[in-house]
Amino acid sequence: MAIPVSYNLRNLKERRMTTLMTALGIALTVAVLLAVLALVNGLRTAFEASGHPLHVLVMRKGSTSELVSNFTRQQFQDLKFKAGIARDAAGEPMVSLEMVTVINLASVDAPDGINVTLRGLTPMGLAMRENAKLVAGRWFEPGKREVVVGKSIASRFPDARLGGKLRFGRGDWEVVGVMDAGRSAINSEIFADLNQASSDYNRSEALSSALVRATDAVTVAALVNDLESDKRLNVSARTEKDYYESQTQSGAPVQFLGIFVSIIMAVGSCFAAMNTMYAAVSRRAREIGTLRVLGFSRASILASFLLESLVLSLLGGLIGVILVLPLNGITTGIGNFVTFSEIAFDYRISPTIIAIGLTFAVILGALGGLFPASNAARKEILTALREI
Amino acid sequence: MSEIVIQTRNLSKEFVRDEFHVVALKDVDIDIHKGEFVALMGPSGSGKSTLLHLIAAMDRPTGGEIRVLGEDLRSLSDRSIARWRNEHIGFVFQSFNLIPVLTALENVELPLKLTNLKKKERLKHAETALKLVGLGERLNHMPRQLSGGQEQRVAIARAIVTDPDLILADEPTGNLDAASAQEVLTLLSRLNKEFGKTIVMVTHDPHAARFATKVRYLEKGSLLPEGQAPADWVLPAAGGA
C-alpha cells in the first residue's frame, strides 16, 4: 500500500500559491503547444475535407500545383472521352476544364491585400462539386463578370460580401453568391465563369487543369495510371484528395516554430516544477523521515512525490486546455505555399489534441519531479528527521 | 525470567564528521525483557538516542551485535527493515511528528496503510487507538487544532495502532508542559502495565524516568552497570509513579 494520495493533494492545496504559479507555467506551455496543434489540425482537416474520392486532377506534366500548370483546351478534348470517366444524367462526360489564378484582396487585417484563389470553371465544374452549397444569392451566369465566393472569403474580406464588387482582370466583378463547402478549401476560393475569367486574363488557351470523375473507386487508380502513361497527352494525374492532402505541408513552418517555442517553454516549466518539488521535499524532510519510521519504503516515498509532481503538472495541463479551448472553431488563415494564396480554416481542438497536451504536461511533471522525488527517497531517516 | 526482546553485545556506533571519528556508542551490552518499561538516561551526547535509533533500525551499527524481537537487524535489507519496523515497532518522537495535512484519525490510520486491513477496519482500529489515549472527540481535528499534549497522545495512538511488540519513545515529554507530560507518561505507564507493552524511553527528565520499571544510564557512549548513575546524577526511584 502506498502513502495516501490525500497527503499529496492536501499538500498541494496547503501551498496553493506555489502550486498555482507552477501549474500556470505548465499551463502556458501546454496552451502554446495546443494552439499550434489545433492550427495544424484545422489546416489538415480543411485539406482532408477537400476533394472528392472519385476525382482525378489532371495538370501539365511536372506541375506541382494548378497555379503553375498550363493545360490547353486541346489536351482537355483529348482526355475527355477516356475510358473510366463517369457521365452525368445527360450522358455528358464528367470532366471540368478549369483555370486557377490568384487575385489580391484587401482585408481588415491586411489592408495591403492578401492573395486568394480565383477559379474559373464551367457549369460541369460546379455540378461536380456537390458539396459546395449556395448559402446566399445565386450562382454566376456564364459570360458575365460575376463571382460566387466561399463563406470564409465573404466573412474575411469586406469587398467580397454579397452584392460587393471586386476589381480584377479587366473590370469589376459582382459578388452574386456565397457558397459553403463545409470544411473544404473551396470556402477559401472564388468561383467565376471559366470563359469570362480566362478571357480577362488572356488565357483562353492556357488554362490550368482538368478535373475528372472516375466511374467508381476501383477505376480511379486505373484512370490515373492511364492518364500518366499517355505520352500524347503529356499530363500529370493524381487523385484530388491526394493533391489537397499534400498541401498540409503549408502548416509545417508554423508547426515547427510552435513546437520549437513549446520545447523552449517546456524546459523552463520543467525546471519550475523541479524547483517547486525540491522546495516541497526540503520543507517536508521531517515528514519523509517520519513516514520511513512508520514503515513506508523508499519506493513509496519516491512514488508519492512523483505522483505529487504529476498531479501538479496535470493540473497545469488542464488549465492549459481550458485556456486554449476558446480558440476552438475560430477561423484563421494561413499562406498556402502551393497555391500562393491564403487558405482559411478553423482552429480544431480534438480529443486527440487534448490528450497530447495532457500527456505533454504529465511528461513535464515526470521529468521535473523525478529528481526531487528520488532525492526524497534517498534521504537517510535520521538526516531527514533532523532537517528543519 | 521472561523473554528477551532486545539484546545487544559489544554494540558500537561511530560517526565520521569532518574527518573526525566520533564514538557515539561503545561496546554496549544490554538485555531488555518483554514487558519492561526501561528509561534510558544520560547527559547530552551520552549515546542514548543513538541506542534507541539502532534498536528501531533507523540506523546501522558500526560494530557488535543487535537482536530485536529475535531478528538480527544487520542482516535485513532496507525494504525488509521498513516492513519489520511497521509490524513490530511503535515510535514516539519528541516533537510528535504528526503529518500536518492529515487529521488525527488519518495520522493514526497511516501505519495501517501498510497492512492488509480494509479501509473500514483501518478506521475502526485508528478510532479505538485514539479513544484509548482519550482523544475520541478529536478524530477529525488537524494537528494544528490540538494542544502539544494532545498531539503527543495522537502520536502515541499512531505508535500503538498496529499493536507493536515494542514501543520506543525519544524524549516524549521534551516539548510538553508539566501537566501534558504527566498525561503522556501516565498513558505510557498504562500501556506497559495494562497491555504489557515493552517500552524503551529516552529521557533527560528524572521525573519521567520514575514512570519506568527500570532505569539505565549511559555516559560517553558506554552503558553504566545496572543501578549505577553518573556521579552527579540523582537516581530516581524506578516504577515509582
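Residues numbered from 1 in each chain as written. Chains lettered and ligands numbered in written order. Predicted model: local features only at pLDDT ≥ 70, side-chain atom pairs only at ≥ 80, totals over all residues.

Draft legend 1. Geometry of the overall build of chain B. Of regular secondary structure, chain B possesses 7 helices and 10 strands. Since a compact globule built from 241 residues should have a radius of gyration of about 18 Å, the 18 Å found for chain B is in line with a globular shape. When the backbone C-alpha atoms are referred to their principal axes, chain B occupies close to 45 × 45 × 40 Å. Taking all 241 residues of chain B together, the buried fraction comes to 49%. Long-range contacts, defined here as pairs at least 24 residues apart, represent 70% of the contacts in chain B between residues at least 6 apart. (Helix = DSSP H or I, 4+ residues; strand = E, 2+ residues; numbered from the N terminus. Rg over C-alpha atoms; globule rule 2.2 N^0.38 Å. Buried ≥ 20, exposed ≤ 12 C-beta atoms within 10 Å, placed from the backbone. Contact = placed C-beta atoms within 7 Å.)

Draft legend 2. Spatial organisation of the sheet that holds strand E7 (residues 166-170) of chain B. All names here are of chain B. Sheet architecture is open: 6 strands sit in the order E6-E7-E8-E3-E9-E10, paired in mixed fashion. What marks the edges here is a single partner per strand, and that holds for strand E6 (89-92) and strand E10 (222-223). Taken together, the 4 bridges between strand E3 (residues 37-41) and strand E8 (residues 198-202) define a ladder with parallel strand orientation. Among the inter-strand pairings, Phe37 is bridged to a residue of E8, identified as Ile199. Where helix H5 (residues 148-160) meets the sheet, its contacts fall on E6 and E7, and the angle it forms with E6 comes to roughly 170°. Those strands touched by helix H6 (residues 178-195) are E3, E7 and E8, and its axis lies near 150° from that of E8. (Pairing = 2+ DSSP bridges. Axes fitted to C-alpha atoms, helices over the stretch in contact; angles between N-to-C directions.)

Draft legend 3. Molecular detail of the interface of chain B and chain A. Tallying the contact residues gives 18 residues for chain B and 18 residues for chain A. The element best represented in the side of chain B that touches chain A is helix H2 (residues 78-88) of chain B, accounting for 6 residues. Across the side of chain B that touches chain A, the residue classes tally to 9 nonpolar, 3 polar and 6 charged. (Nonpolar A, V, L, I, M, F, W, Y, C, P; charged D, E, K, R; others polar.)

Draft legend 4. Quick look at the environment of Val56 of chain A. Residue and element names in this part refer to chain A. By the element assignment, Val56 lies in strand E1 (residues 55-60). Sequence separation between Val56 and Arg213 is 157 residues, and the spatial gap between their C-alpha atoms is 6.2 Å. When sequence neighbours within four positions are dropped, the list of residues in contact with Val56 reads Val212, Ala214, Val220, Leu223, Val224, Leu227, Ala237, Thr239 and Glu240.

Draft legend 5. Quick look at the packing of helix H2 (residues 16-48) of chain A against helix H9 (residues 252-283) of chain A. All names here are of chain A. Their axes nearest at 9 Å, the elements H2 and H9 cross at an angle of 165°. By the angle between their directions, the pair H2 and H9 is classed as roughly antiparallel. Seen along the crossing, H2 lies across H9 with a hand that is left-handed. Broken down by class, the residue content of the contact of H2 with H9 amounts to 14 nonpolar, 10 polar and no charged. (Parallel < 35°, antiparallel > 145°, perpendicular 65-115°, else oblique. Left-handed = near helix turned anticlockwise from the far one by under 90°.)

Draft legend 6. View of the pairing of strand E1 (residues 4-17) of chain B. All names here are of chain B. As judged from the 10 bridges shared by E1 and strand E2 (residues 20-33), these two strands associate in the antiparallel manner. Paired with Val16 across the strands is His21, a residue of E2. Hairpin connection of E1 to E2: 2 residues between the antiparallel strands, including Asp18 at a positive phi of 50°. In this structure, E1 lies alongside strand E4 (residues 63-68), joined through 5 bridges in antiparallel fashion. Residue pairing across strands places Ser12 opposite Gly63, the latter belonging to E4.

Draft legend 7. Region of the structure containing the domain arrangement of chain A. Residues and elements named next belong to chain A. What the domain assignment lists for chain A is domain 1 (5-48 + 249-386) and domain 2 (55-213). The C-alpha-based centres of domain 1 and domain 2 are spaced at 46 Å. Opposite the 12 residues of domain 1 that make contact, domain 2 presents 15 residues. If you tally residues by element for the side of domain 1 that touches domain 2, the top one is strand E12 (residues 341-346), at 4 residues. Its residues assigned to classes, the side of domain 1 that touches domain 2 shows 6 nonpolar, 5 polar and 1 charged. (Domains from an automatic or database assignment.)

Draft legend 8. Structural context of the sheet that holds E4 of chain B. Spatial ordering of the open sheet is given by E2-E1-E4-E5 (chain B), a layout of 4 strands whose pairing is antiparallel. Because the sheet does not close on itself, it has two edges, and the strands there are E2 and strand E5 (71-72) of chain B.

Draft legend 9. A look at the packing of helix H1 (residues 5-14) of chain A against helix H11 (residues 298-324) of chain A. All names here are of chain A. Interhelical geometry of H1 versus H11 gives an angle of 50° and a closest axis separation of 9 Å. Taken together, the axis directions place H1 and H11 in an arrangement best described as oblique. Note on packing geometry: the crossing formed by H1 with H11 is right-handed. Across the interface between the two elements, Val5, Tyr7, Asn8, Leu9, Asn11 and Leu12 from H1 touch Ser304, Leu307, Glu308, Val311 and Leu312 from H11. Taken together, the residues that form the contact of H1 with H11 break down as 7 nonpolar, 3 polar and 1 charged.

Draft legend 10. Seen up close, unusual backbone geometry. One non-glycine residue, Asn202 of chain A, adopts positive backbone phi at about 50°. On the secondary structure map, Asn202 of chain A appears in the loop between helix H6 (194-200) and strand E9 (209-213). At Phe96 of chain B, a position not held by glycine, the phi torsion is positive, near 65°. Structurally, the position occupied by Phe96 of chain B is in the loop between E6 and helix H3 (104-109).

Draft legend 11. Summary view of H2 of chain B. Every buried residue belonging to H2 of chain B is among Ile81, Ala82, Arg85 and Asn86 of chain B, and all of these are buried. Down the axis of H2 of chain B, the buried side of the element spans an arc of 135°, and every buried residue falls inside it. Check the buried side of H2 of chain B and you find it contacts helix H10 (285-294) of chain A together with E6 of chain B. (Arc of directions from axis to C-beta.)

Draft legend 12. Seen up close, H5 of chain B. Between its first and last C-alpha, H5 of chain B extends 18 Å over 13 residues, near the 18 Å set by a 1.5 Å rise per residue. Tucked inside the fold, the buried residues of H5 of chain B contact E6, H3, helix H4 (119-132), E7 and H6 of chain B. (Expected span 1.5 Å × (residues − 1).)

Draft legend 13. Main features of the confidence of the model for chain B. For chain B, per-residue confidence averages 91 on the pLDDT scale, and residues scoring 70 or more make up 96% of the total. Both confidence scores are given for the complex: pTM 0.78, ipTM 0.91. (pLDDT = per-residue confidence, 0-100.)

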